[in-house]
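What follows is each chain in one-letter form.
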Amino acid sequence: MKNKTLKIIGVMVITTFILSYLSTTALVSAANGEPNFILETSEAKNYGMGVIQTERSVAATLQMNGEVSGGFTYTDFLGNPQVAEDSVFETENSHLYYPVNLRYENYWNTELLREFSTHYARARNVSDLPDQHGNYTASFVTEQYELSVDTSCEISVSDLTSEILFDVSSKGIYQIWMNNINLIGSPVILSPTDKFVIPVENELPPVIDGGDSLGKYFFFAAYETGIYRIYLQTGDPIITLRAEHHKGQSIKLGEAIRGGKDPSDPTFFDTVYSMDVYQLDVKNLETVYKYLLDFEYGSPSLYYFVEDSLTSYSSSLNPGINRVLPSVTDSKVYIVIDNPNYFSWADPGIDEADPLKYTMKFDEVEPIEHIIGGNQTINLAKSIGVTARTFEIVNTSLVSFHFEDLGANSPNVFGNKIIKIDEEQARDASIPSTISSSNGTFMSALLEPGKYKVIFQHSGSMGPEYLHFYTKLVEFQPLNVEGMDLSGTLPYNFTGLNFEDVTLPAWEGYPNTYGATYPLGFNISIDENFWDYGYNVSIHADKNAEIFDDYITPDLAVLWDDDGNDFTDYTEAIQPGNATKVPVKTIPSGDVGDALIIGAYDKFDRIEVTLADPSDRDAFEWQYYREFWGWRDFDAEDPNFDDGTLTATGSLNKSGTLSWDPEELTNWNFFSSGSDDIGSERPNTDDENYYLIRVRCTDDAADIANITSVRLRKFTKINLDLGSKLAFNIGTPEKPVYYRASSGSSSNLKFASSYNQSSYLDVVHTIDKNYYSEEAILYLYASDIQLYDYNGSNNGVYVPLEKPLTYSVCVFQPEANYKQIIPYNISLNVPTTHSNQLNLSALPSDQSNTIIVPDRRTVYLNITPRTMYDWTQINVQFINASVLSTRLIAPAMYDLDTASTYTSTYGNGQFNLGYTGVNMNASIEFGFITETLYLEFVIENTTNNSPIMKTYGGQFNYPMLTILEASVKSNTGLYVGIGAGVVVLIAVSVVLYKKKH
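Residues numbered from 1 in each chain as written. Predicted model: local features only at pLDDT ≥ 70, side-chain atom pairs only at ≥ 80, totals over all residues. Heavy atoms only, no water.

**Student:** Any chance you could explain the overall build of the chain here in plain terms?
**Tutor:** The helix and strand inventory of the chain stands at 2 helices and 77 strands. Per-residue burial for the chain yields a buried fraction of 55% across its 997 residues. Across the chain, every contact between residues at least 6 apart in sequence was considered, and the portion connecting residues at least 24 apart equals 80%. Accessible area for the chain stands at about 40900 Å²; split by element, carbon and sulfur atoms hold 46% of it. (Helix = DSSP H or I, 4+ residues; strand = E, 2+ residues; numbered from the N terminus. Buried < 20%, exposed > 50% of the residue type's maximum accessible area, 1.4 Å probe, protein only. Contact = heavy atoms within 4.5 Å. Areas by Shrake-Rupley, 256 points an atom, 1.4 Å probe, with all protein chains shown as cover.)

**Student:** What is the right way to read the side chain of glutamine 144 from this model?
**Tutor:** Within the secondary structure layout, glutamine 144 lies in strand 9 (residues 135-147). With relative accessibility at 3%, the residue glutamine 144 sits in the buried group.

**Student:** I keep staring at the nonpolar core and nothing clicks. Help me out?
**Tutor:** Note on soluble globular proteins: their nonpolar side chains tend to be buried together. Of all hydrophobic cores here, the largest spans 79 residues; its most connected members are Phe116, Leu778, Leu805, Tyr807, Phe878 and Phe937. It is strand 62 (residues 775-789) that contributes the most residues to this core, 6 residues altogether. In this view, phenylalanine 878 contacts Ile851, Val883, Asn919, Met920, Phe937, Ile939, Ile948 and Met949; residues no more than four positions away in its chain are not counted. The next biggest cluster of nonpolar side chains, apart from the first, holds 39 residues, and it includes Leu596, Leu665, Trp668 and Cys697. (Core = buried A, V, L, I, M, F, W, Y, C linked by side-chain atoms within 4.5 Å.)

**Student:** What exactly am I supposed to notice about empty space enclosed by the protein here?
**Tutor:** Across all of its chains, the model carries 4 cavities of 30 Å³ or more by this definition. By volume, the largest cavity amounts to about 50 Å³. For the largest cavity, the full set of lining residues is Leu504, Ala506, Tyr514, Ala516, Thr517, Ile785, Leu801, Pro804, Leu805 and Tyr807. Taken together, the residues of the lining of the largest cavity sort by class into 9 nonpolar, 1 polar and no charged. (1 Å grid on protein atoms, 1.4 Å probe; cavity = no way out; pocket = protein on both sides within 12 Å on 5 of 7 lines; lining within 4 Å. Points joined across faces, edges and corners; volume = space filled by probe spheres on them. Nonpolar A, V, L, I, M, F, W, Y, C, P; charged D, E, K, R; others polar.)

**Student:** Would you explain the sheet that holds strand 68 (residues 871-879) in this entry?
**Tutor:** For sheets, the rule is that strands pair by backbone hydrogen bonds, running either parallel or antiparallel. Here we have 4 strands laid out as an open sheet, ordered 66-74-68-72, and antiparallel in their pairing. Here the strands that pair on one side only, and so sit at the sheet edges, are strand 66 (847-850) and strand 72 (921-927). Along the sheet, successive strands turn relative to each other by an average axial angle of 20°, direction set aside. Judged from the 8 bridges that link them, strand 68 and strand 74 (residues 948-955) form a sheet pairing that is antiparallel. Within strand 74, the residue paired with isoleucine 874 across the bridge is glycine 953. (Pairing = 2+ DSSP bridges. Axes fitted to C-alpha atoms, helices over the stretch in contact; angles between N-to-C directions.)

**Student:** Looking at this structure, how should I read the environment of tyrosine 869?
**Tutor:** Checked against the element boundaries, tyrosine 869 lands in the loop between strand 67 (856-864) and strand 68. For tyrosine 869 and glutamine 955, which are 86 residues apart along the polypeptide, the C-alpha to C-alpha distance reads 9.6 Å.

**Student:** What's the story with the sheet that holds strand 25 (residues 320-325) in this structure? I'm lost.
**Tutor:** Taken together, 4 strands build an open sheet; the order of strands is 20-29-22-25 and the sheet is antiparallel. Taken across any chain shown, the strands that pair with only one partner, and hence form the sheet edges, are strand 20 (257-260) and strand 25. Strand-to-strand twist of the sheet, defined as the mean angle between neighbouring strand axes without regard to direction, takes the value 25°. Here strand 22 (residues 288-297) pairs with strand 25 via 4 bridges, running antiparallel. Note that in strand 25 the partner of tyrosine 291 across the bridge is arginine 323.

**Student:** Even after reading the chapter, I still don't get a negative patch on the surface, so can you show me in this structure?
**Tutor:** A cluster of acidic residues, Asp555, Asp686, Asp687 and Glu688, forms a negative patch on the protein surface. Classification of aspartate 555 as partly exposed rests on a relative accessible area of 34%. (Patch = residues over 30% accessible without salt bridge, like charges linked within 9 Å, V, L, I, M, F, W, Y side chains within 5 Å. Salt bridge = Lys/Arg side-chain N within 4 Å of Asp/Glu carboxyl O. Lys, Arg positive; Asp, Glu negative; His and termini not counted. Charge placed at Lys NZ, Arg CZ, Asp CG, Glu CD.)

**Student:** Whenever I open this one, the pattern of salt bridges confuses me. Can you help?
**Tutor:** Pairs can form between side chains of opposite charge once their charged atoms are near each other. Summed over all chains, the structure comprises 35 salt bridges. Between arginine 103 and glutamate 105 there is a salt bridge whose closest N-O contact spans 3.4 Å. Via salt bridges that share partners, Arg56, Glu163, Asp194 and Arg229 belong to a single interconnected network.

**Student:** How should the pairing of strand 44 (residues 520-525) be read in this particular structure?
**Tutor:** One face of the sheet, then the other: side chains in a regular strand alternate in exactly this way. Alignment of strand 41 (residues 476-478) against strand 44, held across 3 bridges, turns out to be parallel. Each bridged residue has a counterpart across the sheet, and for phenylalanine 476 the counterpart in strand 44 is glycine 521. In this structure, strand 44 lies alongside strand 62, joined through 6 bridges in antiparallel fashion. Paired with glycine 521 across the bridge in strand 62 is tyrosine 779.

**Student:** Honestly, the side chain of histidine 458 in this entry has me stumped. Any pointers?
**Tutor:** By secondary structure assignment, the location of histidine 458 is in the loop between strand 39 (450-457) and strand 40 (465-474). Residue histidine 458 is classed as buried on the basis of its relative accessible area of 5%. Within the structure, histidine 458 has its side chain in polar contact with the backbone nitrogen of glycine 460 (distance 3.0 Å). From its side chain, histidine 458 meets the backbone oxygen of glycine 463 in a polar contact 2.8 Å long. (Polar contact = N/O pair within 3.5 Å; in protein donor to acceptor, adjacent residues only side chain to side chain.)

**Student:** Honestly, the packing of aromatic side chains in this entry has me stumped. Any pointers?
**Tutor:** The geometry of an aromatic ring pair is captured by two quantities: the separation of the ring centres and the angle between the planes. Per the counting criterion, the structure on display carries 55 aromatic pairs. With 5.8 Å between their ring centres and 90° between their planes, phenylalanine 268 and tyrosine 297 make a pair best called edge-to-face. You can see phenylalanine 268 sitting in the loop between strand 20 and strand 21 (274-281) and its partner tyrosine 297 sitting in strand 22, a full 29 residues away along the chain. Taking the centre distance of 5.6 Å and the plane angle of 70° together, the rings of tryptophan 668 and tyrosine 691 count as edge-to-face. Within this pair, whereas tryptophan 668 is found in the loop between strand 55 (656-659) and strand 56 (691-697), its partner tyrosine 691 is found in strand 56, the two being separated by 23 residues in sequence. (Phe/Tyr/Trp six-rings, centres within 6.5 Å; stacked < 30°, edge-to-face > 60°.)

**Student:** Help me understand the confidence of the model for the chain in this model?
**Tutor:** Predicted coordinates in regions of low pLDDT should not be interpreted in detail. Residues at a pLDDT of 70 or more form 87% of the chain, whose mean pLDDT is 83. Predicted confidence in the chain is weakest over strand 77 (residues 988-991), with a mean pLDDT of 24, and strongest over strand 12 (residues 172-178), with 97. Overall, residues 1-34 carries pLDDT values under 50, and its contacts beyond four positions in sequence, including any with other chains, amount to 114 contacts. Counting interchain partners and residues more than four positions distant, the pLDDT-below-50 stretch residues 761-765 has 21 contacts. (pLDDT = per-residue confidence, 0-100.)

**Student:** Can you walk me through unusual backbone geometry in this structure?
**Tutor:** Excluding glycine, residues mostly have negative phi values, and the peptide bonds linking residues are mostly trans. Between tyrosine 98 and the following residue, proline 99, the backbone shows a cis peptide bond with an omega angle of 5°. Along the polypeptide, proline 99 turns up in the loop between strand 6 (86-88) and strand 7 (100-106). Its identity as a non-glycine residue notwithstanding, asparagine 322 has a phi of 55°, on the positive side. Topologically, asparagine 322 is positioned in strand 25. Since its relative accessible area comes to 7%, asparagine 322 is described here as buried. Of note in the backbone geometry, aspartate 784 takes a positive phi value of approximately 50° without being a glycine. Within the secondary structure, aspartate 784 is located in strand 62. You can call aspartate 784 partly exposed: its relative accessible area is 34%.

**Student:** Explain the environment of leucine 241 to me, please; I cannot follow it from the model alone.
**Tutor:** Here leucine 241 is to be found in strand 18 (residues 238-246). Placed 64 residues apart in sequence, leucine 241 and tryptophan 177 show a C-alpha to C-alpha distance of 5.5 Å.

**Student:** Looking at this model, I keep getting lost on the pairing of strand 73 (residues 933-941). Mind explaining?
**Tutor:** Within strand 73, 7 of the 9 residues are buried, which leaves the element mostly enclosed by the surrounding structure. Here strand 69 (residues 881-889) runs beside strand 73; their pairing, made up of 8 bridges, is antiparallel. Opposite arginine 887, over in strand 73, you have glutamate 936 as the bridge partner.

Pasting the structure below:
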């Protein structure tokens, strides 16, 4: 609750830090903002809203005023509150509890995706009384404070947002000292052009008797001059700030810098904090900078600062020899050696200095040109330390790199990455994939036209290091998009789709010939419905017959006589080509229990049986020997067991093939014995390891079934890592930039001959990007491909694969008759009422569409607004249909800098709304943030009649506020300065951003 009117008069207090200055202290006060827009409530609309847009990143206080009770918040475009609702409840003096102050934050630094930062102020009636509906005014207010170098300012923390205007007149490192406060989150710093400036936070050691820090601070790199805006949040009542500028000593390439103090220095034991700042002018982005940074004593915090197109930020700087300094843009790089732990407490009240002494030296490394498709040996002496190669890509290509280790120690590939040199900044190459082995590093990347570099760094061994460097360009192949039949239930039906059968080329130089593959790339033409797409990668046993159809002959065949308790050897007689008949039971009217046992040193998953005399009845069953448990029926363990000798009469009624999945069989391990085991009906294997199966008689009256030969298929299982990446062009045809739309990376995958078909990636691997593009590229690669061999081994051992695998690839999109796009234009002046005040069983409608649904269909309602950004209501009613899911899809334009934000923050513009049900009635509200929006409904037909979708949409015509950079309301405040004994009174002001639309 609020029980005050806003009347703030500030008085600054001089604060002394551990490193005190003769300070100038400044205060700027704030006052109520003028009403920016009015939120209305009524009987028809029990809450009012207003659209908030910002022309730049901003933090402010959203201030609500009114005369009657109300509840207040602001939401995103889906109606999700961004702060907890604050309420003024119904009393005789409700007006005294105003204003209500809500902290408002909206940070963004690019026009792309700006629409997703649209917010909606909301005022809600919280009273049941009809006369308590009212109008509320909304304003944006900030308390502004000015800060400049070598001055101090004190902030009295209130429930208004404090905005610190920091005047930067020259570039460099700026350090902001604070009193001992606890910040909520990190400082937010925005440059004059609205770049995010990421600071480093640190603090001095604690006082000896209390644990509080002697001083807290943050510092950042200023790459622009002008006014920076700083926002700090804390629960403490007072913030005191002081600013320092560290211009930075210029680094001269090839010249050593000696920093710190020698023990002979008379101030060596003085406990004085230090921050050393250096700046390096980047010559160009092709040049590589190496450095030496060695500390004789001291352990400071080390950072380097750079900027890119969106931010300036820091990373840790590692000391050592032959280090590489990453260059992101062609602007300066700042090096900061910060020594907050400049002393320690040796004893109570006795401090002990921890000074620094170091040597630093930077050199430039000019890269050597490399021609793609060539190979060369890198010979890197420790005294040289760093070398680099550059190469040119003319057309978008897949390029593979092999960095082969030579000798006990080899140079490292810096960052294990390929670096693209754009016009103004360097970035990692698009869509990389990396494979490591005992023979070095194998890397592939999708590279757009342009220049690239690879940096090699000595690992630190005592002598020279060698590495062989190969490159190979892989051509793209065209791949058609198939129409997917979505009838029936998931998984989708791939029957009838044309899969492209491809063989991934073996990677030359990989330790096993077919142990890894070069990537294979496909060009795909796509359309604006990109989120509908998917792809599948499968392996089929019948398409890899040379690998999986490996037939062997039995190593053992014996007939068990259940009456005589003995074994008869038929191993030679059962071999293919031998005309001898091998009986399955001993005599025509023999006892139940006779069995023909077949064994092999290799595990097998299929047996082909050729009969001379078939059985005349259902009298035989197939079993395998289960370790520790004895003989077990196949069909009791393996649901995939198939008996091809079975007729309606019984097994062994015809020649045929029996197959099973060995991995479904519990404990089918090898058996080994030096003698017959009559009690367990296990034969002598002469101590060889054999996998055993048998066919056993279950009917005394059965005729003898005679076999002329059997053939076994060796069980073959392959282990591999399989990856796929699909990227699409978010640049232009003339200057493409590829961004990952979807990827699959699966490790330790297994495929066996008994599986027949395996889809290593998701059965439907969907593409989750929502973007208009005309081309995409899919590429596949495999590694660590090894064959399991079960030669007398229960667990299998790895052996190299000797032949390449064939993969089946398909990119698909639902066929046109399984989706329907229905246009809907929101009419002018359509009455609207909020959803929570509507009778959902009788929603209004002004458009009706009949939908032809085979079984399941996706319906897209393509909505065109009357007014962009206005709060919007769409009423939807389905008849004769069940709605399985509802999503809002907001297409957007983005680039490489904003793509990750679109994915991580905005879910690729796809939002699950949760509306489902039979004959669903729903009233859906949202802010209309893009030029067109889609409501996506996945529906099923529930009757014999065609489904009908009724639609009604309207917009509320709410006011819109655009917060601008400058709309000033002046107020008189008190400024107190102490400098050279002069006290000055001046007028100060607060900026109130406003614009009424």
